[in-house]
Amino acid sequence: MNVVLAVKQYVAKMIEDSGPGMKVLLMDKDTTSIVSMVYAQSEILQKEVYLFERLDSQGREIMKHLKCICFLRPTKENVEFLSQELKNPRYGIYYIYFSNVISKSDVKVLAENDEQEVVREVQEFYGDYIAVNPHLFSFNLTGCSQGINWTSQALARSCQGLTALLLALKKCPMIRFQNSSEMAKRLAENVRQVISKEAGLFDFRKPDVPPLLLILDRRDDPVTPLLNQWTYQAMVHELLGIHNNRIDLSSVPGISRDLREVVLSAEHDEFYASNMFLNFGEIGSNIKELMEDFQKKTKSQQKVESIADMKAFVENYPQFKKMSGTVAKHVTVVGELSRLVGAHKLLEVSEVEQELACKSDHSNHLQSIKKLFQDEQVSELDLVRLVLLYALRYERHPNNEVHWMMDALGRRGVSDRYKKLVSAIVEYGGAKRRGTDLFGTDNTNPISFTKKLLKGLKGVENVYTQHTSLLQDVLDQLIKGKLKDGSYPYLGTSTLRDRPQDIIVFTIGGVTYEESLAIHNMNRTTPGVRIVLGGTTVHNTKSFLEEVWQATQGLRFQYTNAQASPQHRWT
């Protein structure tokens with residue numbers, strides 16, 4: 001179950017099926033992102049694809065000597081654009097591949113417009129998702145809900161993406177969903193409808209243990225996306241932002257022009273692939289080793305004294321140049337991460353965040369937050385996330401001081417929008433919205449009890465990474481056969497009797513790189529179990545706050561302090 005490999009194989013098959021000769025790859029906005037996540041442009045160039053074009057771009061040249069490989073999402077807009085293309089074809093012959101199921105009526109429209117009979121092939125290749133890591137996928141959708149309901153566009157895209165993923169992995173799963181979420185239930189039902197309607201496509205060889213699709217809702221765990229991160233990939237996304245493997249470094253002080261945007265891809269960068277799941281301390285020492293290795297090779301390259309030396313230099317130059325770029329890129333990224341950690345006191349902030357997420361200790365937590373409010377180096381965003389974590393943890397505490405914190409945010413000049421998020425987060429993922437005991441206060445809940453017991457047994461190895469996400473606990477219960485059917489019911493009458501082997505987890509409202517790391521570790525340490533994780537998007541704190549903001553627009557915010565009278569309302 002490798003979501004990156006599935007897309008790579010689809011793209012390779014498209015190119016192979018078009019035969020020898022010069023080719024153009026014609027894509028839309030979405031499929032451009034899908035392909036760029038798994039292939040470097042240089043790799044595709046080696047396969048005789050010499051031109052990359054967008055279907056919606058104006059003024060493309062007529063090049064009848066080129067074969068055209070079209071890889072497009074089967075949207076109404078793309079069918080219209082493609083119909084116009086086929087009426088006046090710019091290329092010699094066309095091989096058309098849609099990333100999902102296309103209706104017969106749309107195929108008929110294309111056939112009617114192919115008056116010059118340039119189309120050789122129309123196929124469905126189900127690469128309709130962003131493959132982030134081999135075990136992680138996304139649809140790049142932020143703002144998938146309004147209130148507690150789907151936006152129609154996000155529901156349709158999520159259903160299309162999930163069914164395409166199942167077809168790409170050749171899985172016809174049993175479906176479980178989070179019972180406290182109407183959105184999870186609705187998506188589960190829509191996926192099942194597609195599987196029933198397209199039964200012929202889902203007619204795969206039945207394994208001994210059926211695969212399982214588990215659909216969850218981000219509202220059940222609003223804490224995980226609010227935490228600072230300390231492993232390489234997660235930290236880069238949290239502090240710098242990763243969009244389709246690209247990192248914008250243009251705001252880094254003194255950055256050189258060629259490093260203003262860099263690509264971090266485990267498929268094409270060995271150092272990143274080896275270090276993406278390691279913590280920040282380990283990255284520092286590994287960067288040092290990379291630098292020392294590069295310096296040794298630089299010295300050896302300087303000794304060009306004979307014809308043999310020259311020949312060796314020319315042969316090794318591409319690899320040497322690539323290594324030079326890798327060193328420069330990672331030294332710059334790690335250097336900027338280190339600068340931000342020091343400039344904004346992130347170690348001190350993170351320690352308080354972790355304590356808020358993992359323990360109930362109101363008096364000490366309050367003092368720690370008040371102390372950080374007095375430190376001018378702590379950023380506006382970090383103060384807001386501390387208040388949000390406090391508001392969630394102590395939502396029903398009789399002496400909570402959210403109102404003092406709101407005033408303190410105002411005194412620090414925090415924007416009204418950020419202040420409104422304090423009540424918005426409770427509306428989005430507060431106690432009344434959650435179907436589980438997120439903070440482990442209920443000893444009758446098996447997930448809460450297990451979490452508390454494990455923490456008591458093993459202690460804390462690292463104060464900055466002591467938090468475990470709800471997703472990890474849910475999957476642990478699922479694999480052990482202890483996940484309650486009442487909280488996560490099956491869709492339909494059938495249930496899984498054996499331990500699940502192939503599990504696809506999808507979180508409405510987005511996943512995080514902390515959860516991705518947990519899945520990576522579970523796949524590594526749980527023989528016989530393979531897990532793939534996906535979400536509407538992959539969040540850092542900023543994108544999650546945008547998700548919360550969009551979901552709660554138009555709602556009347558109400559933060560209720562159990563002993564506050566009258567009630568305070570913030571709109």
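Scroll up to find the structure.
Residues numbered from 1 in each chain as written. Predicted model: local features only at pLDDT ≥ 70, side-chain atom pairs only at ≥ 80, totals over all residues. Heavy atoms only, no water.

## Some points on the overall build of the chain
Selection rule: Each helix corresponds to a stretch of at least 4 residues labelled H or I by DSSP, and each strand to a stretch of at least 2 residues labelled E; elements are numbered beginning at the N terminus. For each residue, the accessible area found with a 1.4 Å probe, counting protein chains only, is set against the maximum for its type, and the residue is called buried under 20%, exposed over 50%, and partly exposed in between. The criterion used for residue contact is that any of the two residues' heavy atoms lie within 4.5 Å. To be clear on the numbers: accessible area is Shrake-Rupley with a 1.4 Å probe, and residue cover counts the displayed protein chains and nothing else.
Summing up its helical and strand segments, the chain has 20 helices and 17 strands in all. Within the chain, the proportion of its 571 residues that are buried is 53%. Residue pairs at least 24 apart in sequence account for 81% of intrachain contacts in the chain once pairs closer than 6 positions are excluded. As displayed, the chain offers around 26500 Å² of accessible surface, 48% of which is attributable to carbon and sulfur atoms.

## A short note on the side chain of Asn-245
Along the chain, Asn-245 turns up in the loop between helix H8 (232-239) and strand S12 (246-248). Each residue touching Asn-245, except ones within four places of it in the same chain, is listed here: Met-37, Val-262, Val-263, Leu-264 and Ser-265.

## Description of the pairing of strand S14 (residues 502-508)
Looking along a regular strand, one sees the side chains alternate between the two faces of the sheet. As a reminder of what qualifies: The pairing criterion for strands is at least two bridges between them, as found by DSSP.
Within S14, 7 of the 7 residues are buried, which leaves it mostly tucked inside the rest of the structure. Along S14, one buried face is formed by Asp-502, Ile-504, Phe-506 and Ile-508 and the opposite face, lined by Ile-503, Val-505 and Thr-507, is buried too. Of the strand pairs in this sheet, S14 and strand S16 (residues 530-535) are connected by 6 bridges, and their pairing is parallel. Residue pairing across strands places Val-505 opposite Leu-533, the latter belonging to S16.

## A closer look at a nonpolar patch on the surface
Quick reminder of the rule: Put simply, a patch holds well-exposed residues, over 30% relative accessible area, that have no salt bridge, with like charges counted together within 9 Å and Val, Leu, Ile, Met, Phe, Trp or Tyr side chains within 5 Å. The term salt bridge refers to a pairing of a side-chain nitrogen on Lys or Arg with a carboxyl oxygen on Asp or Glu at a separation within 4 Å.
Where nonpolar side chains cluster on the molecular surface, the patch consists of Met-22, Leu-45 and Tyr-50 and spans about 280 Å² of accessible area. Structurally, Tyr-50 is set in strand S2 (residues 49-54).

## Details of the sheet that holds S2
Heads up, the rule is: In this analysis, axes come from line fits to C-alpha atoms, helices being fitted only over the stretch in contact, and the angle between any two N-to-C directions falls in the range 0 to 180 degrees.
Here we have 5 strands laid out as an open sheet, ordered S2-S1-S3-S4-S5, and parallel in their pairing. The open sheet has two edge strands with one neighbour each: S2 and strand S5 (119-124). Strand-to-strand, the axes of this sheet are offset by a mean angle of 20°, without reference to chain direction. Where strand S4 (residues 91-98) and S5 come together, 5 bridges link them in parallel fashion. Residue Ile-96 lies in a different strand from S5, and its bridge partner there is Val-122. Packing of helix H4 (residues 76-87) onto the sheet brings it into contact with strand S3 (63-72), S4 and S5, and relative to S4 it is tilted by some 160°.

## Structural notes on the packing of helix H13 (residues 362-373) against helix H15 (residues 402-411)
Here is the rule: An angle below 35 degrees is read as roughly parallel, one above 145 as roughly antiparallel, one from 65 to 115 as roughly perpendicular, and any other as oblique. When residues are grouped by polarity, Ala, Val, Leu, Ile, Met, Phe, Trp, Tyr, Cys and Pro land in nonpolar, Asp, Glu, Lys and Arg in charged, and all others, Gly among them, in polar.
Here H13 crosses H15 at 10°, and the two axes come no closer than 11 Å. Classified by the angle between their axes, H13 and H15 sit roughly parallel to one another. Judged by residue contacts, Leu-366, Ile-369, Lys-370 and Phe-373 of H13 engage Trp-404, Met-405, Ala-408 and Leu-409 from H15. Its residues assigned to classes, the contact of H13 with H15 shows 7 nonpolar, no polar and 1 charged.

## A few points about helix H14 (residues 380-393)
Keep this limit in mind: Expected span, for any helix, means 1.5 Å times one less than how many residues it has.
The end-to-end C-alpha distance of H14 is 20 Å, a good match for the 20 Å that 14 residues give at a rise of 1.5 Å each. Where burial is concerned, most of H14 is hidden: 13 out of the 14 residues are buried.

## Focus: the environment of Gly-143
Tracing the backbone shows Gly-143 in the loop between strand S7 (136-138) and strand S8 (145-146). Considered as a pair, Gly-143 and Val-548 are 405 residues apart in the sequence and their alpha carbons are 7.7 Å apart. Sequence-distant contacts of Gly-143, defined by excluding residues within four places in its chain, comprise Thr-151, Glu-547 and Gln-550.

## Concerning the packing of aromatic side chains
Selection criterion: A pair of aromatic rings is counted whenever rings of Phe, Tyr or Trp (Trp by its six-membered ring) have centres within 6.5 Å, and the orientation is called stacked for planes under 30 degrees apart, edge-to-face for over 60 and tilted otherwise.
Following the criterion strictly, the structure yields 13 aromatic pairs and no others. With 5.5 Å between their ring centres and 35° between their planes, Phe-139 and Phe-506 make a pair best called tilted. Here Phe-139, found in the loop between S7 and S8, pairs with Phe-506, found in strand S14; they are 367 residues apart in sequence, far enough to count as distant. According to the relative accessible area criterion, Phe-506 is buried, its value standing at 0%. Seen from their ring centres, Tyr-390 and Tyr-394 are 5.2 Å apart, and the 50° between their planes marks the pair as tilted. Ring-pair connections join several aromatic residues into one group, and the members of that group are Tyr-129, Phe-137, Phe-139 and Phe-506.

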